[in-house]
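# Report on the structure
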Amino acid sequence: MALGIHVDTGSLTFDHATARDATALAWLMEQGASLRVIAEYVDPGLSPQLHDLLTVALENLQSETLRGYTVAWVLLTTETFVPGLSSLTSRLLDLTENDALLLANVYSQKESEDTTVLNRLTIIGRSRIEETNLNELFKSLGGGGHSRAASVSLRDVEPILILKQLVEQLKAQIPYPPTARELMSSPVRTIRPEISVGEAHRILLRYGHSGLSVVDDRDRLVGIITRRDIDIALHHGFSHAPVKGYMTPQLKTITPDTLLPEIESLMVTYDIGRLPVLENGQLVGIVTRTDVLRELHQQKDKGKLGEGVGKKHRESLFCSLPESIKQLLATSITPQLDRFLSQAANIAEQRGWQLYIVGGAVRDLLLTASENSLSLTDIDLVVDGYHDWELDNTGDAQKTSIVNTEEERDSSVVNFPINNLKVKNQSKKSPAVELALALQKVYPAARLDVHGQFQTAALLWHKNDELDSLWVDIATARTEFYPYPAANPEVEASSIRQDLYRRDFTINALAVRLNSPRAGELLDFFGGLQDLKARQIRVLHANSFIEDPTRIYRAVRFAVRLGFQIEPQTEGYIRHAVDSGIYYRIQGENDRAPALETRLKSELKHILQAPYWKSALQMLGDLGALRCIHPTLELDRQLWEQLRLVDRYLKIMNKAEKMGNGKEVKSSITNQLPVININDWLIRLEVLIAYLAADYRGKVAANLQLPADSVKLLQQLEEGKIKLMTSLPMCDLPSKLVLMLRNYELPMLILIAVQCPRRERRQIWEYITKWANFAPPLNGNDLKALGYKPGPKFKQMLDDLLVATLDGALTDRVSAISFLAVNYPRA
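Keep in mind it's a predicted model, so treat the numbers as computed, not measured.

## Some details on the overall build of the protein
- When its secondary structure is counted, the protein shows 37 helices and 24 strands.
- Counting every position in the protein, which comprises 827 residues, the buried fraction comes to 50%.
- Restricting to contacts in the protein with at least 6 residues of sequence separation, those with at least 24 account for 67%.
- Surface exposure of the protein reaches about 40,500 Å², of which carbon and sulfur atoms provide 49%.

## Re a nonpolar patch on the surface
- A surface patch of nonpolar side chains, about 320 Å² in accessible area, is lined by Leu3, Val7, Val37 and Tyr41.
- Listed by contribution, the elements that provide at least two residues to the nonpolar patch are helix 1 (2-9) and helix 3 (35-41).
- Turning to its location among the elements, Val7 is positioned in helix 1.
- Its relative accessible area of 34% is what places Val7 among the partly exposed residues.

## Thoughts on unusual backbone geometry
- Residue Asp219 is not a glycine yet carries a positive backbone phi of 65°.
- Considering the arrangement of structural elements, one finds Asp219 in the loop between strand 8 (211-215) and strand 9 (221-226).
- The exposure class assigned to Asp219 is buried, which follows from its relative accessible area of 16%.
- Positive phi outside glycine occurs at Gln705, with the angle close to 55°.

## Notes on the environment of Thr570
- Summarising the element assignment, Thr570 is placed in helix 23 (residues 568-579).
- Distance in space between the C-alpha atoms of Thr570 and Leu540 is 8.9 Å, their sequence separation being 30 residues.

## Section: the environment of Glu641
- You can see Glu641 is positioned in helix 27 (residues 637-661).
- Each C-alpha atom of the pair Glu641 and Gln755 lies 9.6 Å from the other, and the pair is 114 residues apart in sequence.

## Re the nonpolar core
- In this structure, Phe340, Leu381, Ile474, Ile552 and Tyr553 are the most contacted members of the largest nonpolar core, which totals 136 residues.
- Look past the residues within four positions of Ile474 in its chain and what remains in contact with it is Leu381, Val383, Ala432, Leu435, Ala436, Leu439, Thr456, Ala457 and Leu459.
- Counting residues in each nonpolar core, the second largest holds 21 residues, with Leu102, Val106, Val167 and Leu170 among its members.

## Looking at the pattern of salt bridges
- Within this structure, the stated rule accounts for 38 salt bridges.
- We note a salt bridge from Lys171 to Glu168, for which the minimum N-O separation is 3.0 Å. On the criterion of helical spacing, the pair formed by Lys171 and Glu168 is a turn pair, its members being three residues apart in helix 7 (residues 159-173).
- Residue classification places Glu168 among the partly exposed residues on the basis of a relative accessible area of 41%.
- Shared partners join several salt bridges into a network, and the residues in it are Asp504, Arg554, Arg557 and Glu603.

## Let's talk about helix 2 (residues 19-30)
- The terminal C-alpha atoms of helix 2, which comprises 12 residues, lie 17 Å apart, in line with the 16 Å expected from a rise of 1.5 Å per residue.
- Of the residues making up helix 2, those classed as buried are Asp21, Leu25 and Leu28. The arc that holds every buried residue of helix 2, seen down its axis, measures 60°, which confines them to one face. Facing away from the buried side of helix 2 by over 90 degrees, the exposed positions are Ala19, Arg20, Thr23, Trp27 and Glu30.
- Tucked into the core, helix 2 has its buried residues touching helix 1.
- Of the residues trailing helix 2, Gly32 is marked for its positive phi of about 110°.

## Thoughts on the packing of aromatic side chains
- Within the structure shown, the criterion is met by 12 aromatic pairs.
- Taking 6.0 Å as the distance between ring centres and 90° as the angle between the ring planes, the aromatic pair formed by Tyr443 and Trp461 counts as edge-to-face. Pair noted here: Tyr443 is in the loop between helix 18 (431-442) and strand 16 (447-451) and Trp461 is in strand 17 (residues 456-464), with a separation of 18 residues, a long-range link.
- Between Trp771 and Phe774, the aromatic rings sit 5.4 Å apart at their centres with planes inclined by 70°, giving edge-to-face as the arrangement.
- Accessibility expressed as a relative area gives 29% for Phe774, which makes it partly exposed.

## Examining the pairing of strand 13 (residues 378-384)
- For strand 13, the buried fraction is high: five of the seven residues fall into the buried class.
- Bridge count for strand 12 (residues 354-358) against strand 13 is five bridges, and the pairing is antiparallel. Pairing of Gln354 across the sheet is with Asp384, part of strand 13.

## Brief notes about the sheet that holds strand 7 (residues 190-191)
- Taken together, three strands build an open sheet; the order of strands is 7-8-9 and the sheet is mixed. Looking at the sheet topology across the chains shown, the edges are occupied by strand 7 and strand 9.
- In the sheet, strand 7 pairs with strand 8 via two bridges, with the strands oriented parallel. Each residue of the ladder has a partner; that of Thr190, found in strand 8, is Ser213.
- Those strands touched by helix 9 (residues 197-207) are strand 7 and strand 8, and its axis lies near 130° from that of strand 8.
- Running over the sheet, helix 10 (residues 227-235) touches strand 8 and strand 9 and is turned about 70° from strand 9.

Criteria and thresholds
- Residues numbered from 1 in each chain as written.
- Predicted model: local features only at pLDDT ≥ 70, side-chain atom pairs only at ≥ 80, totals over all residues.
- Heavy atoms only, no water.
- Helix = DSSP H or I, 4+ residues; strand = E, 2+ residues; numbered from the N terminus.
- Buried < 20%, exposed > 50% of the residue type's maximum accessible area, 1.4 Å probe, protein only.
- Contact = heavy atoms within 4.5 Å.
- Areas by Shrake-Rupley, 256 points an atom, 1.4 Å probe, with all protein chains shown as cover.
- Patch = residues over 30% accessible without salt bridge, like charges linked within 9 Å, V, L, I, M, F, W, Y side chains within 5 Å.
- Salt bridge = Lys/Arg side-chain N within 4 Å of Asp/Glu carboxyl O.
- Core = buried A, V, L, I, M, F, W, Y, C linked by side-chain atoms within 4.5 Å.
- Expected span 1.5 Å × (residues − 1).
- Arc of directions from axis to C-beta.
- Phe/Tyr/Trp six-rings, centres within 6.5 Å; stacked < 30°, edge-to-face > 60°.
- Pairing = 2+ DSSP bridges.
- Axes fitted to C-alpha atoms, helices over the stretch in contact; angles between N-to-C directions.

In structure tokens form, the structure reads like this:
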């Protein structure tokens, strides 16, 4: 019905349209009439006068193609005002298939019988370009409307000049489409023409590529060989034949500045799946059909960015991209941090690099309510600028291992004075290091750390007046390969897309571009935004947990901390990896399995020191993931009871420590507790390991690279437990209990206590809470004051005083002095 009204009234512009038509149309819209459907099917028709003007407009239409978009404009002259010009504009735009159109109409209009106003000008605009805003364009002239449709009416102006001015302003609004440099993967994996088909197949398998570029000895591109080409050669038994006999030598190529529309056209016209990118004759990247499809899809969905993310008010922030992300950054972080990111972006832009904020900071930004300032203390920045540095003569990227945990990072950091920075190649520092150096000149209070051979860098502030305590990691975009499961990955420089692909989960594989020309653009290649909406943890690829078992623990940690669910298929991958027994096998097959050593300990520390550790541990137990620690470790009822017991002990001890620090003691129990520094997370981990058979405990603790004291404790635990269990039944007096248990360290007593029957556990706990710090009425200074000479007998005298006091024979100083006079008379 609404469509009928639009057709009959020319969308309320024909002379016969009435107020009743408008009222009826408004009512139909309230009932849910879809403007999108109406806009798709309505054909208001043109009056005879408009038909004549359409012919004139088509003859005089001017257009210009800019950045892949076509902008058209036309100036029509009529004697009087012509109704329905908006319909004419829309019809003209449809017929010419332009992306934007400005239609100007200059005419005369009488204001009174005696006066005629010449040069009345009406301009109507229509645009299909997402990033343009006609409302803003016309607002400065007193007009307005919507971003895609607007108009303005003027008088006493120069029509040609005004139209030209608006056309130029509209062209300035047109966004720069992505170039090949932004879309391409770089560096490109290359091979020589003489390499065998079998070796090329091995390289494809290692890197997961669908094709390889072939270059000669001067690194000039001579062909491309695809996986299909290699499969056919292998099928026919030519694994030892050189690839030059199977590659495609005649290639279409592009430059780094080739625009997306041209790339799309080449691929469609010539049915090409990948286009090499050449700069000065050298291969610097490759653009695939997948790159183009992903970019087109993201452009289509830009307006849907924030739908369903965070709280309800978030929807208004994500109305468009990139402005929405810029606004979100500005409103969610401190002005000081915003200035720092802007400085970093400007420095990168001056050097021709792209700079991204990646990972957890982006995830937390999208999840945090905008009215609350987001406290970021750890930020990861990635520089995509590899093609400008550090390629060797073969075009292959240099390899190294990366730092994966806080412990590894701390142990491998090299601190350099700013004027004595030693890097592998003084003339070609990595983009990450160069950016860090430039930033430290702006922020001299920051400490600069350079990590490992790959030259990642970090800037650190501690309680700084401007940035408080902040850690900023800066890395060059890279890709990685695991030589065997649970190994440290081998890392090579790469593009931002491949850098994000090496990450663990989709919600951590998000990035925001910080510098122009597309500042504020959200990079989401793997559906991370949808997973944020669905509140789920989804892994990027099926073998992720085989390659790195610590990702299982990270999945659980993020799920519990964020209140997310582990996506069903991801959970299936976890269970398959655990059930396969791969982790146990690789420990026997390889000298080291770093993902089951320091990196696993780091993840366990994160979990066991967090307030949500119980929920996380229960989830790990349900997944069977504790078998990453040892294949026999399961979270059964008995182990869970031991963890609950130790948690109860730790809470009482922590309460006593806080009271002691505050010099306020409110109970005899807390007053008697021993003062000792215990890491809660470590004692919980020791309880887990202690649940294993005695023969495994020391080895597992050593594999996890626990402190030497912890390894020794777990090695000696069984012997200490047997000895203690034999002696405790004979401790019928407090003195016997104290003299025996004081020979044990507190962590040993706690581990034994949680494994003991109730009676023995109560005895140990009584000692810890009541007797461990118990002292007799007299101490060594008192003995010297009484005239006793210090010597070997002092210890025996104090022990005898302690025993007598514990057993109730002594109650005060007087009785203690009398006890000494009888048992230790002075000469």
